[in-house]
Each structure stands twice: as C-alpha cells, then as structure tokens.
Amino acid sequence: MAKLLSSLPVGAKVKDTGTTYYGKPIQWTIMQHGHSGDPAGSTALITSNIICLKAFDAREGANSDSNRQSYGNNRYSVSNIRQWLNSDTASWYKAQHSADAAPSTNLVSDNPYNTENGFLAGFSAKMKAALLTVTKTVAKNTVTDGGGSETVSDKIFLLSNTEVGLANENNIAEGSKYTLFSDNNSRIAKPTAEAVNKSTYSNSSFNVNSPWWWWLRSPCAGYSYDARTVDADGSLSNGHAYDGGRGVRPACAISSSALVSDSPDTDGAYTLIWNSAPKITTDTGIGEKNSPFSINYKVVDADGDAVTTTVKLDSSTVATHNPTDQTKTYTYDVTATALNALALGAHKFTITATDAMNNTSTVTINWTKTESPITVSGTDTDLGNVWQTPSYKYTVSDLNSKASSVVEAIDGETTRTIESVTLGEEQTVDFSS
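Since this is a predicted model, take the numbers as computed values, not measurements.

Chemist: Give a description of the overall build of the protein chain that names residues and reports values.
Modeler: Along the backbone of the protein chain there are 6 helices and 28 strands. Taken against the 2.2 N^0.38 rule, which gives 22 Å for 433 residues, the C-alpha radius of gyration of the protein chain at 35 Å runs more than 25% over that of a compact globule. Each principal axis of the C-alpha distribution contributes one length, and for the protein chain these read about 120 × 55 × 35 Å. Within the protein chain, buried positions represent 46% of all 433 residues. Here the contacts in the protein chain between residues at least 6 apart in sequence split such that 61% fall between residues at least 24 apart.

Chemist: Before we move on, can you summarise the pairing of strand S18 (residues 307-313) with the specific residues and values?
Modeler: Burial of the side chains of S18 is restricted to one face: Val-307, Thr-309, Val-311 and Leu-313 are buried, whereas none of Thr-308, Thr-310 and Lys-312 on the reverse face is. Across 7 bridges, the pairing between S18 and strand S21 (residues 345-355) is antiparallel. Counterpart to Lys-312 in the pairing with S21 is Thr-350. Taken together, the 5 bridges between S18 and strand S19 (residues 316-321) define a ladder with antiparallel strand orientation. Residue Thr-310 lies in a different strand from S19, and its bridge partner there is Thr-320. Where S18 hands over to S19, the hairpin turn is made up of 2 residues, of which Asp-314 adopts a positive phi near 55 degrees.

Chemist: Please provide a residue-by-residue account of the sheet that holds strand S20 (residues 330-334), values included.
Modeler: Spatially, S15-S17-S20 is the arrangement adopted by the 3 strands of the open sheet, whose pairing is antiparallel. Among the strands making up the open sheet, the edge pair consists of strand S15 (279-282) and S20. Between one strand axis and the next, the sheet turns through 25 degrees on average, direction left out of account. The sheet contact formed by strand S17 (residues 293-300) and S20 spans 5 bridges and is antiparallel. Residue pairing across strands places Asn-296 opposite Thr-331, the latter belonging to S20.

Chemist: Talk me through the pattern of salt bridges; I want residue IDs and the actual numbers.
Modeler: Overall, the coordinates contain 15 salt bridges when judged by the stated rule. Among the ionic pairs, Arg-217 bridges to Glu-163, the shortest N-O distance being 2.8 Å. Pair noted here: Arg-217 is in strand S8 (residues 214-219) and Glu-163 is in the loop between strand S7 (149-154) and helix H4 (184-187), with a separation of 54 residues, a long-range link. We classify Arg-217 as buried; its relative accessible area is 1%. Residue Glu-163 is classed as buried on the basis of its relative accessible area of 1%. Three or more residues joined by partner-sharing salt bridges are found here, namely Asp-38, Lys-136, Glu-163 and Arg-217.

Chemist: Before we move on, could you go through the nonpolar core and cite the residues and values that matter?
Modeler: Generally speaking, nonpolar side chains in soluble globular proteins are found buried as a group. Formed by 63 residues in total, the largest nonpolar core has its most connected members in Phe-119 and Leu-159. Excluding anything up to four places from it in sequence, Phe-119 contacts Tyr-21, Ile-26, Trp-28, Ile-51, Trp-84, Leu-85, Ser-87, Ile-156 and Pro-250. Phe-293, Val-307, Val-311 and Ala-353 belong to the second largest nonpolar core, which has 20 residues in total.

Chemist: How would you explain the pairing of strand S26 (residues 406-410) if you had to name every residue and give the values?
Modeler: Sheet topology note: the S26/strand S27 (residues 413-418) ladder contains 5 bridges and is antiparallel. Directly across from Ala-409, in S27, lies its bridge partner Thr-414. Taken together, S26 and the strand that follows it, S27, pair antiparallel across an intervening segment of 2 residues, in which Asp-411 is found at a positive phi of about 55 degrees.

About the criteria used
- Residues numbered from 1 in each chain as written.
- Predicted model: local features only at pLDDT ≥ 70, side-chain atom pairs only at ≥ 80, totals over all residues.
- Heavy atoms only, no water.
- Helix = DSSP H or I, 4+ residues; strand = E, 2+ residues; numbered from the N terminus.
- Rg over C-alpha atoms; globule rule 2.2 N^0.38 Å.
- Buried < 20%, exposed > 50% of the residue type's maximum accessible area, 1.4 Å probe, protein only.
- Contact = heavy atoms within 4.5 Å.
- Pairing = 2+ DSSP bridges.
- Axes fitted to C-alpha atoms, helices over the stretch in contact; angles between N-to-C directions.
- Salt bridge = Lys/Arg side-chain N within 4 Å of Asp/Glu carboxyl O.
- Core = buried A, V, L, I, M, F, W, Y, C linked by side-chain atoms within 4.5 Å.

Here it is in structure tokens:
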C-alpha cells in the first residue's frame, strides 16, 4: 500500500532509493506543502543533512573587481554552485560571463568540483522527471550588481535568508518563509558521513555529530564576494564565495500527489513510490478518409488506479469513460453523418487518460478528410452492334450520402439530367430519342 506525500507532516523525511549522492540515497525533509510562490500542488523538500562541502563560486582572475578576483562572485544567478546543482553531466561547467571561472584547484579554497558530475547525475529517471521548475527571487549586491533583485528558474535551488526565516537581505523579500524553519534550532544541520569522508577540508569540528555552516543563495549585499550562510548555531552568517569548506543543502519541489510508503524505513525516511501514467493503445496511420470508419483504443494503468478517459474529435468531446474498463477495447464509429459535418482537410482525435493520482497520458491521431468519390455501378463497356433501342441500367452511390446530380449524354449531347438522384436506386438510360 501507499499514501500521498501530502499526508506527511512538515519535518517528515522521504527518499528515492535510486537517487544518490556519494553512493548513498539522498534523504529529504519536507519544508512545506503548497508553499506560496512554488508550483501549485507541490511539496518543497530540502536535504535533511549537509550533503557535501563546496564553494559558492570560484575566484575570477579576469574580473574587473579585485575582490572577486581574490574571493569569488556572490551573484547566485551566475554562480558555479547553481550551475552544478542543475546539471546531470560531467561537462556541466559553462562560462556564465566573460570573467567566469570553473571551481578548480587553486580557484577554490577546498573541494574543487569542476570535474565532478553535475548533481542531477545521481538522480533516478523518475525522480528527475518529478522535479518541478521553481522561480525564485534573489537579491543583488549594491557594490557591483546594482542592488535590487532578479529571478532565476531552476529544478534545484539554494534557499534564501527569507525562506529560512532570517532577516531579508537589503530589505528585499526573497520569497517567503518555509514552515519548517521557525528558529535557530530548526536551521541547524549536520553533515552526512560521506560529506565528511569525501571532503578535502578537515577540521575537528567538522564531523557527523556537529552542526556546520551551509550556503544560502542570498548575497551579503554590502560586498561583491560574500554570500550568506546559516551558521552552525542556526543564525545568519556569511562567507567568501570561493570557500570550499561551507556546506550545501539543495532544495527542490515535487508534486504533493506523489506516493510514499505507508511507514518509514529503518533510517526514518518514507520511500517515494513512483506512480505511472496510464498507457493508451490505439490505431495509427489512419491517413486519408472519405467514408465512415472507426478507431479502436484501450487504456491500462499499470498501478491499477481508476482511470477517466476522454476522446475528442478536433475540439469536441465525443466519448467519455469514467471509470474506464481497462479490460475492454473501445470503438468509436465515425458515421456518415459525422463525416459530412466536417470540413475537408486535417482533423484529429485526442485520447486523454487520467488516473486517480492525476497522472495523464495523451495520444493524438491525425487524419485527413478528402473528397468523397461518387461512383456509378458497372464499368466502361461496348454495347456492340444494335438493331433496336438498347437498355442500360445503373445506380449511383456517394460514400458520404450527399445529394448528387446525374447527366446522361450520347456522343456528348445531353439527353437527360436528374437534379437529385436517389442514391442506390436503379436508373435506366433513355436511348429512345
């Protein structure tokens, strides 16, 4: 069995067993369900621990600002850490401005990461697909970046002063506070064992049992090179951007309708259970149509969830199944009447299936209505030599049942016109004249 992520309280821990860092599943803590400014229906998560130590940004030797040459750049939008967090490749670094530099040895104080895979490389395909894009406000320093604020849109992000319940930077509200953070104690974080063991930075106070500093995305507004951090005691602090001895606690948002296990694992974390969207099997290659036809479709949900299916012909809903019988192959018939009502040219069927967890699949079937041929029974023939008035009978058909007129002629001379012939009724050519 499983339950909704939204049913867990703020502070509960979750994990995706296939999403790892330093070879171990990442444990996340729920910050809030439905946080203002985050995508509707989302749950915000932050790593329960400091997962690594890394610099905010490398020293930039080509920067016109001497402090950024020596201590790095505190503008989050162009920072190394933001770019690394949102990449899943080994070649994640791309210069963000003319003076940018990668966080390599000698350009950060500790823990160079320019050759490390991007953070998302350790995510399972389903966890990566579940990440929602979140737009965040970031203050800018008043020394080199003009003050004020800007926005960034990412899947993974660092929190701001405002979001952890600390003073707004330069009086700019960078979002709103997440419910998880209420006081200094709620902001305290310790590193994982892997963060300690993998770090090139060492200090007797840096261990799994002791709180440590961790980066925020806010700049220290009066400087071009210092970014804000949460201090080991949970208060507001700051550090040089190139300092590779500061901790990283990534945050993200996923749908609140994601499923989790009924009870936590031995590590205290509930396991995320990825629910699949329904699968639609239907006809393909319909192509051109000028006579009544049918489409067939079947919908199956691998998780056994109830499914609602709708079928649209262009913009009109022509069939609804709620619930959908997942053992049945449905057929929708396009009658002559329905076909006649459509204009010549391109048309489409859109089949949409939505399960009880709001996972949706859509299949579009494109087809073209062409002119319907009017047929006359029989084939070209030679009546041969005749010595009395011949007789020739025929019927007229229109696959779309439209009104048709007939012209009979001998040697190109019209002998009879039937303005509205009765389709399917036998007619006799009048040769008497």
